[in-house]
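Chain residues, written in single-letter form:
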Amino acid sequence: PPAHALHQALDLAAEVVVGKRRQIELAVACLLARGHLLIEDQPGVGKTTLAHLLARVTGLTFNRIQFTADMLPADLLGVTLFDRDEHRFEFRPGPVFTQVVLADEINRAIPKTQSALLEVMEERQVSMEGQTHPLPEPFFVIATQNPESHVGTFPLPESQLDRFLMRIEIGYPDAEAERILLRGGDRREMIDALTPALTAGQLLQLQKEVQGVHVSDALLDYLQALGHFSRQDGRFLHGLSPRALLGLLRAAQAMALLNERDAVMPEDVQAVLPAVCDHRLRLASGEQGAAAEMLLHSVAIP
């Protein structure tokens, strides 16, 4: 059954990206919730490896697109060319036409190219010359960005950050995990050697099952209390939008499914809240990354 295959996929992933089980679970929950994932971290901590790995264990097709300052929307979406022999225009799809897109270093691209990708994430289709070209299903974007302090970056505006269901950091490995990495083989070879644990069809079925995970009225009270507190408390610059709360609910349903529960528990909400809310909430003090923590501590479970 797909649920068993899902746990097999998680176990396979944890063998390659060592010591980062929580980040892997969040990334898989994001995929199950039909969201898109932003990974923000230093170069060399395994952002690309995690993206490649997720595509491999779920049996999905995968393209890595390296974003650069001179990249244009057409380099991403594709172009319409005139075929002289056939006397008609023909659409040549770009690298975004795949099931898992790794948008590497998205904040190195100019805002126009960033917007083109974000539109695709929202619409799950490409419109060109009056023609609509649907993207394959499931469709999942994993974007990586280096911290804003790095040279040559165009930070994503808040409205565009909001298109990502989750933002996570991978962080440096602990000493034990780093030793395993140093002793182990090449991670890319390990990924290529893996047999996919899921099929695209099973993944689509699991995504449907997420929507069926039961949500009680008491849990909705908790979600609304979180939203209300973020909007009323003066320590936040602005509160969580209804779209953010819907995303939080979907992510919590996905986490419940991952934990083999048929109803969402408050701990599912708490497990995904930092990844779903930290890039949407800003503290008036300007502190980064502490907003979700403050929200969790301030709002009691009904």
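In what follows, the structure referred to is the one given above.
Residues numbered from 1 in each chain as written. Predicted model: local features only at pLDDT ≥ 70, side-chain atom pairs only at ≥ 80, totals over all residues. Heavy atoms only, no water.

> Is there a simple way to explain the nonpolar core in this structure?
One recurring pattern in soluble globular proteins: nonpolar side chains tend to sit buried together. By size, the foremost hydrophobic cluster in this structure holds 74 residues, and its most contacted members are Leu32, Met166, Leu248 and Val269. With eleven residues, helix α11 (residues 242-258) is the largest single contributor of residues to this core. Sequence-distant contacts of Leu248, that is, excluding residues within four places in its chain, are made with Leu223, Leu226, Val269, Val272, Leu273, Val276 and Cys277. Leu76, Ala116, Val141 and Leu156 belong to the second largest nonpolar core, which has 26 residues in total. (Core = buried A, V, L, I, M, F, W, Y, C linked by side-chain atoms within 4.5 Å. Buried < 20%, exposed > 50% of the residue type's maximum accessible area, 1.4 Å probe, protein only. Helix = DSSP H or I, 4+ residues; strand = E, 2+ residues; numbered from the N terminus. Contact = heavy atoms within 4.5 Å.)

> Is there a simple way to think about the sheet that holds strand β5 (residues 100-104) in this case?
Each strand in a sheet pairs with its neighbour through backbone hydrogen bonds, running either in the same direction (parallel) or in the opposite one (antiparallel). Sheet architecture is open: five strands sit in the order β2-β5-β8-β1-β9, paired in parallel fashion. Each having just a single partner strand, β2 (62-66) and β9 (166-168) make up the two edges of the open sheet. Put simply, the sheet's adjacent strands are angled 20 degrees from each other on average, direction ignored. Pairing of β2 with β5 involves five bridges; the strand directions are parallel. Opposite Phe62, over in β5, you have Val100 as the bridge partner. Its contacts with the sheet place helix α2 (residues 21-32) against β1 (37-40), β8 (140-145) and β9, and it is angled at close to 160 degrees to β9. (Pairing = 2+ DSSP bridges. Axes fitted to C-alpha atoms, helices over the stretch in contact; angles between N-to-C directions.)

> Help me understand the packing of helix α1 (residues 2-16) against helix α3 (residues 47-57) in this model?
Helix-helix packing is characterised by the crossing angle of the two axes and by the distance between the axes. Two elements in contact, α1 and α3, have axes whose closest approach is 10 Å; the angle formed by their N-to-C orientations is 150 degrees. One way to sum up the angle between α1 and α3 is to call them roughly antiparallel. As α1 packs across α3, the resulting crossing turns out to be right-handed. In contact with Ala9, Leu12, Ala13 and Val16 of α1, α3 contributes Thr49, Leu53 and Val57. Looking at the contact of α1 with α3, its residues break down into six nonpolar, one polar and no charged. (Parallel < 35°, antiparallel > 145°, perpendicular 65-115°, else oblique. Left-handed = near helix turned anticlockwise from the far one by under 90°. Nonpolar A, V, L, I, M, F, W, Y, C, P; charged D, E, K, R; others polar.)

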